[in-house]
Amino acid sequence: MLLALALAFTTAVRGSDLPAAVCVVSPRVEALSQGDARGEVPLPLPELVVIEPLQEIRIERGGRMVWRREARASQPIQGPLAWPVDPIAPEEEVLLRLRPRLAPDGAFAHVELIGARADRMRAAEALVASLGNAASAWGAAIEAALVAGDVPLAWALLFHPRVPADPELQALRAEVIQRGCGD
């Protein structure tokens, strides 16, 4: 059941500067009408999982670029990628600009990440701390989040760096990544 629930919740994002499309699996985002995407981040250090190899990633805060990584000629950027800058604060808006491999300069998908309310972030961090190394606890928490319709939390847990190296959880992650956005 967990796998069936998980596979129903991925999103493709199309950038608005020049045509660029990426499949963002984590953090969980929703496509907006103008082609960009937005998503709530329940944990301050989201793991970034994008299906396509990327040429460039930019992170902007308050309209200023605070971090940038460009791929080397023979080595595209592939994830999962740990959040590389200061944690996202409650209700803070952060813009990710993602340029797929082989896309022209200026062709970015835009993903706006918004920190959850402070109480929600504290609760999510407390949940992660309570799960320890028990794969069954992580699986149950992910399933409970999915059943409750809290896909942002489910994805934050599924792709969290502390997820135990349990075959079932690793298989779920691999399947979600493999299926991507179901194009």
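What this report covers is the structure whose coordinates are included nearby. (Residues numbered from 1 in each chain as written. Predicted model: local features only at pLDDT ≥ 70, side-chain atom pairs only at ≥ 80, totals over all residues. Heavy atoms only, no water.)

1. Thoughts on the pairing of strand 7 (residues 64-70)
Put simply, the test is: When DSSP finds two or more bridges between a pair of strands, those strands are recorded as paired. We count a stretch as a helix when DSSP gives it H or I for four or more residues in a row; a strand needs E for two or more, and each element gets its number in order from the N terminus.
One ladder, built from six bridges, connects strand 6 (residues 54-61) with strand 7; its direction is antiparallel. Looking at the pairing, arginine 58 lines up with arginine 68 of strand 7. What sits between strand 6 and strand 7 in their antiparallel hairpin is a turn of two residues, with glycine 62 showing a positive phi close to 55 degrees.

2. Focus: the side chain of arginine 61
The criterion, for reference: Per-residue accessibility, obtained with a 1.4 Å probe over protein chains only, is compared with the maximum for each type, and a residue is labelled buried under 20%, exposed over 50%, and partly exposed between these values. For this analysis, a polar contact is any N or O atom pair within 3.5 Å, provided that within protein one partner can donate a hydrogen and the other can accept it, and provided that sequence-adjacent residues contribute only side-chain to side-chain pairs. Throughout, a contact is declared for two residues whenever any of their heavy atoms are within 4.5 Å.
Inspection of the secondary structure assignment puts arginine 61 in strand 6. For arginine 61, a relative accessible area of 15% gives the class buried. At 2.7 Å, the side chain of arginine 61 forms a polar contact with the side chain of glutamate 92. For arginine 61, the residues in contact, after removing those within four places along its chain, are Val66, Trp83, Val85, Asp86, Pro87, Ile88, Glu92 and Val94.

3. Considering the sheet that holds strand 4 (residues 37-41)
Pairing within the open sheet is mixed, and its six strands lie in the order 3-4-9-8-6-7. Every interior strand has two partners, whereas the edge strands, strand 3 (30-31) and strand 7, have only one. Pairing between strand 6 and strand 8 (residues 93-100): seven bridges, direction antiparallel. Among the inter-strand pairings, leucine 54 is bridged to a residue of strand 8, identified as proline 100.

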